[in-house]
Amino acid sequence: MTFIPATYESSREKFRALLNTISDRWPGSRLLSHFIEAGSDLTIDVISANPTNEKQKLLILTTGLHGIEGYVGSGILQLFIQEYLPRLDPGNTGLLLVHPINPYGMKYRTRINKNGIDLNRNFEEDFRALKLLNSHYESLKNLINPGHPLRNPLYEKIAFTWNVLKALPKGARHIRETALMGQYRVDNGIYFGGFEPQEETKFIQGILSSAIKQYNHTVLLDIHTGYGPRWQMTLVNPPSEKMTANETAIRFKVPLVVGVNPDEFYTIHGDMIEYFHKMVLSEYPEKKIYAGSFEFGTYGDSLLEGIHSLRTTVFENTLRWHGGSDTARDWMKREYNELFLPSDPEWWQKAQADARCAFEGILSAEKYF
Ligand SMILES: [Zn+2]
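Structure report, in brief. It should be emphasised that the depicted structure is a prediction, and the values quoted were computed from it without experimental measurement. (Residues numbered from 1 in each chain as written. Predicted model: local features only at pLDDT ≥ 70, side-chain atom pairs only at ≥ 80, totals over all residues. Heavy atoms only, no water.)

**A look at empty space enclosed by the protein**
Picture a little ball the size of a water molecule; that probe, rolled over the atoms, points out where space is still empty.
Argument step 1. Applying the stated criterion to the full structure yields two cavities of 30 Å³ or more.
Argument step 2. There is about 130 Å³ of room inside the largest cavity.
Argument step 3. Lining the largest cavity are 14 residues, and of these I112, I190, Y191, T313 and N317 sit closest to its centre.
Argument step 4. In terms of residue count, the dominant contributor to the lining of the largest cavity is helix 11 (residues 303-322) (four residues).
Argument step 5. Class assignment of the residues belonging to the lining of the largest cavity gives a composition of five nonpolar, five polar and four charged.
Argument step 6. The volume enclosed by the second largest cavity comes to roughly 40 Å³. (1 Å grid on protein atoms, 1.4 Å probe; cavity = no way out; pocket = protein on both sides within 12 Å on 5 of 7 lines; lining within 4 Å. Points joined across faces, edges and corners; volume = space filled by probe spheres on them. Helix = DSSP H or I, 4+ residues; strand = E, 2+ residues; numbered from the N terminus. Nonpolar A, V, L, I, M, F, W, Y, C, P; charged D, E, K, R; others polar.)

**Structural notes on the packing of aromatic side chains**
Argument step 1. Enumeration according to the criterion identifies 17 aromatic pairs in this entry.
Argument step 2. Plain terms: the ring middles of F80 and F359 are 5.0 Å apart, the flat faces sit at 55 degrees to each other, and that makes the pair tilted. Of this pair, F80 sits in helix 2 (residues 70-83) while F359 sits in helix 13 (residues 345-365), and the two are 279 residues apart along the sequence.
Argument step 3. Here the aromatic residues F80, Y84, F294, F296, W347, F359 and F369 are joined through ring pairs into a cluster of three or more.
Argument step 4. Over the ring of Y71 we find R109, and its NZ or CZ is 4.3 Å from the ring centre.
Argument step 5. Here the guanidinium or amino end of K287 rests over the ring plane of Y284, the centre of that ring lying 5.4 Å away. (Phe/Tyr/Trp six-rings, centres within 6.5 Å; stacked < 30°, edge-to-face > 60°. Lys NZ or Arg CZ within 6 Å of the ring centre and 35° of its normal.)

**A short note on the packing of helix 6 (residues 153-167) against helix 12 (residues 326-340)**
Argument step 1. The N-to-C vectors of helix 6 and helix 12 enclose an angle of 65 degrees; their axes lie 9 Å apart at closest approach. Considered as vectors, helix 6 and helix 12 are oriented roughly perpendicular to each other. Of the residues in helix 12, those in contact with P153, E156 and K157 of helix 6 are T327, A328 and W331.
Argument step 2. Residues of the contact of helix 6 with helix 12, tallied by class, amount to three nonpolar, one polar and two charged. (Axes fitted to C-alpha atoms, helices over the stretch in contact; angles between N-to-C directions. Parallel < 35°, antiparallel > 145°, perpendicular 65-115°, else oblique. Contact = heavy atoms within 4.5 Å.)

**Re the sheet that holds strand 2 (residues 43-49)**
Argument step 1. Reading across the sheet, the eight strands line up as 1-2-4-3-5-8-6-7 and stay open at both edges, with mixed pairing between neighbours. Both outer strands of the open sheet, strand 1 (30-35) and strand 7 (257-259), are each paired with one neighbouring strand and no more. Recorded for the sheet is a direction-independent mean angle of 20 degrees between the axes of neighbouring strands.
Argument step 2. Where helix 9 (residues 245-252) meets the sheet, its contacts fall on strand 6 (234-237), strand 7 and strand 8 (288-296), and the angle it forms with strand 7 comes to roughly 145 degrees.
Argument step 3. Contacting strand 3 (57-62), strand 5 (217-225) and strand 8, helix 10 (residues 272-283) runs over the sheet at an angle of about 170 degrees to strand 8. (Pairing = 2+ DSSP bridges.)

**Quick look at helix 11**
Argument step 1. Taking 1.5 Å per residue, 20 residues should reach 28 Å; helix 11 reaches 28 Å between its end C-alpha atoms and fits that length.
Argument step 2. When we look at burial in helix 11, the residues that qualify are S309, L310, R311, T312, T313, V314, F315, E316, N317, T318 and L319.
Argument step 3. Phi turns positive, to about 75 degrees, at G323, one or two residues after helix 11. (Expected span 1.5 Å × (residues − 1). Buried < 20%, exposed > 50% of the residue type's maximum accessible area, 1.4 Å probe, protein only.)

**Focus: the coordination of the zinc ion**
Argument step 1. In the first shell of the zinc ion, the protein supplies H66 (ND1), E69 (OE), E69 (OE) and H224 (ND1), at 2.0 to 2.7 Å from the metal.
Argument step 2. Given four donor atoms and angles of 53 to 144 degrees at the metal, the environment of the zinc ion is assigned as irregular.
Argument step 3. All donors of the zinc ion belong to a single chain; written as a sequence motif, their spacing is H-x2-E-x154-H. Accessibility assignment for this pair places H66 and E69 in one class, buried. (Donors = N, O, S within 2.8 Å, 3.2 Å for Na, K, Ca; no water. Tetrahedral: all angles 85-135°; square planar, octahedral: opposite > 155°, others 65-115°.)

**Quick word on a nonpolar patch on the surface**
Argument step 1. A cluster of nonpolar side chains, namely W162, L165 and L168, defines an oily patch on the protein surface of about 310 Å² accessible area.
Argument step 2. Topologically, L168 is positioned in the loop between helix 6 and helix 7 (172-180).
Argument step 3. By relative accessible area, L168 is classed as partly exposed at 31%. (Patch = residues over 30% accessible without salt bridge, like charges linked within 9 Å, V, L, I, M, F, W, Y side chains within 5 Å. Areas by Shrake-Rupley, 256 points an atom, 1.4 Å probe, with all protein chains shown as cover. Salt bridge = Lys/Arg side-chain N within 4 Å of Asp/Glu carboxyl O.)

**Some remarks on helix 6**
Argument step 1. With 15 residues, helix 6 extends 21 Å between its outermost C-alpha atoms, agreeing within 8% with the 21 Å of an ideal straight helix rising 1.5 Å per residue.
Argument step 2. When we look at burial in helix 6, the residues that qualify are P153, E156, F160, N163, V164 and A167. One face of helix 6 carries all of its buried residues, which in axial projection span an arc of 105 degrees. In helix 6, the exposed residues that point more than 90 degrees away from the buried face are L154, I158, W162 and L165. (Arc of directions from axis to C-beta.)

Written out as structure tokens, the structure reads:
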């Protein structure tokens, strides 16, 4: 049985306790707790385990890049340890497990880090050039960054719907792209990618790069929630993946795969999975890598559910920067939790079943079992 933990601290305790289990078969495994800032107890915890014989294969599992998504990530990680770890070969397979990349966001139940930055838009180098990106972002200001305190829920629902209707002539796809692709100018706006690499980003870049270069073959899986259909996990390929979504689905025997491109997903910049996938292709072309994200859908993927999800994202951000009434705050707390951490036990059952299917398919096809 695996559970979604109740707090960041209890989740971290459970994660740290895995070191014992892992050390049974990977002697010399290590736990590293990286403090993200002085005077704070927030840590990125990493368990690394070297193979006993030869460094051939590396499995990296990362969670909580989007803070709050780390609760489901933590449950999935525990599931992996219980059900799949026993099938890996400690002779030739190394492990790198990360919990969570964004501890601030996990503790305070938000997607962003302390500086208001979406870390999955932050894995970039040239931030100056990125400023020019997404030039339509400000034109949707009334809809996506309204900039006033949040009033009562009924009023805000009507106002939001009105703003959607006013923006719709530009096309639903245009709104989706503009809102979600990330932006590098408005530091209190949604999907802000930052003006510079964040501490969390630099730490993860260092630790993953140095592990990846020691092995011939890497599988990197990053766990997320909130995107895609509610009752089916989506496996998301990075833009530089050469397999098409269809080829990936057949190879891994999973029902739903999308590639990050405007037709299937949405264009994003600063994406972590793409950063490491591209790094291997360009710096170590002789090495093999599969890198992908598990996206456990929550609200659903219809147009109306997409609008609902955008509204939750916008209002949560509005409350952070501009405040609002207590009723609005309670309302958003419930909605935001449901968007990234659904309360329905059946949802969690299905999420676990989908995770099993993906672990089984990917790790068999990549010959990790
Ligand atoms: Zn995410």
